Amino acid sequence: MTGADDGWLNALIGLLQGAQVALLQALAALGLAGTSHGQPAWPWALKLSGENLLIDLGQARRLVGSLAVVALVVVLLLLAGVWRRARVGALVAVPLMLLAAPWPDARVVWVAATPASFHRSPTGFTVQSIAQGRTLYAQHCVGCHGADGRGQGAWADARSMSPPNLAGPLLWRRADGDLLWHVMRGMRARDGALTMPAFGERLRDDEAWALIDFMKAQAAGETLRVTGIWALPAALPDVAVRCDGQSPRRLASWRGQRVRIVAQDDAPVEPQAPLEDPRLVTVRLAPSAQAVSRDGAGCVVDASEAADAWSVFALVSGTPSPAGTTLIADRDGWLRARSQPGQAGWSDDDLLCRTDTAPRAVQTAVVADGLGALIARMDAQPVRYVKGGFVH
Ligand code: HEC
C-alpha cells in the first residue's frame, strides 16, 4: 500500500506487468509460446520486476527516463522512415540519445523468472479452495512448514536448510505462478541439492493452487494475530451467499461495494445490533448448516458452505473461532477492518490494512459515526501494491 504521491510508480509497475502479460498473450496467440501447468509459458529466464522498483525509487525514476527516451527514439525513427530529410538527423541523434538515456541498473530491473511467472490462479480465492488447501497442507507440508507456517515443523530441524517463514511477507513477494512452480518443481540450493521437495508427482495443478490460497489465508491470520494488523493485504474469501431465501450468488458478485461479514454462533446472548446499513452489503456467517437455516432474513452464507466458511474466516482473522467478529472488505475485495467480540462500535483505528501502518496512539475518543470515519479512511487509502510488484 502506498500514499497518493506514489501514483506514478503504481502506474509504472502496472505498465511493466501489463506489457509483459500482453507480450506473452501475443506469443501464445501466434503459437510461439509453449504451455506449462495449463497456461502459456513465459519463454525467458528473466522478467522485469516491479518489486525492486518499490524499494529503489531512484532506479524507478531512471527507468521512466529511459522509457521516455525509447519512446522518443521510436518517434524519430518513424519520422525518418517517412521524411527523408530527417534521416541524417536521426542517424546522429538516436545513438546519442540511447547513450545518454539514464538506464537503470540491470540487476535491479531484471529478476529470475520461471515459465509460470505470469500464471494466474484460477481458484478465485474461494472458501472451498482454501479449505481444500488446508487439508492438503496437513497431509504434505505441515511436517516441515509447521502448523502455523512459521517453519517449525517436526522434520524442519533434521534438514540442512530450514524452511522459510510462510507466515510473513514471503508469499506476497512472489508472483503466484512462481509459488506454483516452486511447489510443483521443488527448489534447489546453489550447489544443486534439493531444498524444498517437488510435489508435481503427488499434486494436481488445482491442488497446488488451493495450497497457495490456504497459505495466503493462513499468513494473513498469523500476521494479524501476532502484529495486530494485516500488514499485507488479504483478499476477502469468496463463498456462496443466499439473500432472503433466493437462490445463492457469489460473495464476489458484490465487488465494487463494501462488504461486511458478521460471524454469529448459534446462541447469541447479547441483543443483536441492527444489520442493515446502506453503506455496506451485510452477510451473516454461522458455524454450521443447522445454524443457518433457523433464520431466513437478510443475506447469509449458504448452508452448504457454512462450516468451511466458518473455519476459513477464523483462519484469516487469526482466531480459533470468529464468533462475535465482524470483518469489513473494501470495494476492491480486500479485507480491511475487524471488530472483535464485545467491541462497542467502530473507529477508524479498526482499519487494520492501511497505508500508515503504526496504530495511532491518541484518538480513542468515541466518534459519533465510527463506521463512517472508518469507511472514509478506508476509501481514502486504497490497497495498491500487492506482490511481486503486481498491482491489482
Ligand atoms: C521436507 C521438508 C519440506 C516439505 C515437506 C515441504 N517444504 Fe516447502 N520448503 C522447504 C524448504 C527447505 C524451503 C526453502 C527452499 C529454498 O529456499 O531453497 C521451502 C520453501 C517453500 C516455499 C517458498 C517458495 C519460494 O518461492 O520461496 C513455499 C511456498 C513452500 N515451501 C510450500 C510448501 C508446500 C505447499 C508444501 C506441501 C505441499 C511444502 N512446502 C512441503 C521444505 C519443505
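Quick note: structure is the one above.
For the structure given in this document, a descriptive report is provided here.

Calculation notes
- Residues numbered from 1 in each chain as written.
- Predicted model: local features only at pLDDT ≥ 70, side-chain atom pairs only at ≥ 80, totals over all residues.
- Heavy atoms only, no water.
- Near = heavy atom within 4 Å.
- Polar contact = N/O pair within 3.5 Å; in protein donor to acceptor, adjacent residues only side chain to side chain.
- Helix = DSSP H or I, 4+ residues; strand = E, 2+ residues; numbered from the N terminus.
- Nonpolar A, V, L, I, M, F, W, Y, C, P; charged D, E, K, R; others polar.
- Donors = N, O, S within 2.8 Å, 3.2 Å for Na, K, Ca; no water.
- Tetrahedral: all angles 85-135°; square planar, octahedral: opposite > 155°, others 65-115°.
- Buried < 20%, exposed > 50% of the residue type's maximum accessible area, 1.4 Å probe, protein only.
- Phe/Tyr/Trp six-rings, centres within 6.5 Å; stacked < 30°, edge-to-face > 60°.
- Lys NZ or Arg CZ within 6 Å of the ring centre and 35° of its normal.
- Contact = heavy atoms within 4.5 Å.
- Disulfide = S-S within 2.5 Å.
- Pairing = 2+ DSSP bridges.

## Some points on the site of the ligand
Okay, step 1: Among the 22 residues in the neighbourhood of the ligand, the closest are listed as Cys141, Cys144, His145, Arg174 and Met196.
Okay, step 2: One nitrogen or oxygen atom from the side chain of His145 is found 2.7 Å from a nitrogen atom belonging to the ligand.
Okay, step 3: Of all the secondary structure elements, the ones that give two or more residues to the shell around the ligand are helix 7 (142–145), helix 9 (176–185), strand 6 (194–196) and helix 10 (205–227).
Okay, step 4: Considering every element that reaches the shell around the ligand, the biggest residue donor is helix 9, with three residues.
Okay, step 5: Taken together, the residues of the shell around the ligand break down into 16 nonpolar, four polar and two charged.

## A word on the coordination of the iron atom of the ligand
Okay, step 1: The protein atoms that coordinate the iron atom of the ligand are His145 (NE2) and Met196 (SD), at distances spanning 2.0 to 2.1 Å.
Okay, step 2: Its six donor atoms give the iron atom of the ligand angles of 85 to 177° at the centre, a pattern that matches the octahedral case. Residue His145 is found in helix 7, and its partner Met196 is found in strand 6; the two are separated by 51 residues along the sequence.
Okay, step 3: Its relative accessible area of 10% is what places His145 among the buried residues.

## Topic: the packing of aromatic side chains
Okay, step 1: A full pass over the atoms with the stated rule returns three aromatic pairs.
Okay, step 2: Centroid distance Tyr137 to Phe214: 5.1 Å. Interplanar angle 50°. Geometry classified as tilted. Placement of Tyr137 in helix 6 (residues 127–140) and of Phe214 in helix 10 is noted, with a sequence separation of 77 residues between them. Each member of the pair Tyr137 and Phe214 is classed as buried.
Okay, step 3: The ring of Phe118 carries Lys47 above its face, with NZ or CZ at 6.0 Å from the centroid.
Okay, step 4: Taking NZ or CZ as reference, Arg249 lies 3.8 Å from the ring centre of Trp254, over its face.

## Concerning the environment of Gly324
Okay, step 1: Inspection of the secondary structure puts Gly324 in the loop between helix 12 (306–316) and strand 12 (326–329).
Okay, step 2: With relative accessibility at 39%, the residue Gly324 sits in the partly exposed group.
Okay, step 3: On a C-alpha basis, the gap between Gly324 and Pro341 in space is 4.3 Å, while along the polypeptide they are 17 residues apart.
Okay, step 4: Excluding its chain neighbours within four sequence positions, the residues that come into contact with Gly324 are Ala263, Ser339, Gln340 and Pro341.

## Some points on the state of the cysteines
Okay, step 1: Under the definition given, this model contains one disulfide.
Okay, step 2: Here Cys243 engages in a disulfide with Cys299; their sulfurs sit 2.0 Å apart. A torsion of 105° about the S-S bond marks the disulfide between Cys243 and Cys299 as right-handed. Of the two residues, Cys243 is situated in strand 7 (residues 240–243) and Cys299 in strand 11 (residues 299–301); the sequence distance between them amounts to 56 residues. We note that Cys243, like Cys299, is buried.

## Considerations on the pairing of strand 10 (residues 281–285)
Walk down a regular strand and you will see the side chains alternate between the two sheet faces.
Okay, step 1: Burial analysis of strand 10 places five of its five residues in the buried class, the great majority of the element.
Okay, step 2: Of the two faces of strand 10, the one carrying Val281, Val283 and Leu285 and the one carrying Thr282 and Arg284 are both buried.
Okay, step 3: In terms of strand pairing, strand 9 (residues 259–263) meets strand 10 through five bridges, oriented parallel. Among the inter-strand pairings, Val262 is bridged to a residue of strand 10, identified as Arg284.
Okay, step 4: Inspection of the sheet shows strand 10 paired to strand 11 by two bridges, in the parallel sense. Each residue of the ladder has a partner; that of Arg284, found in strand 11, is Val300.

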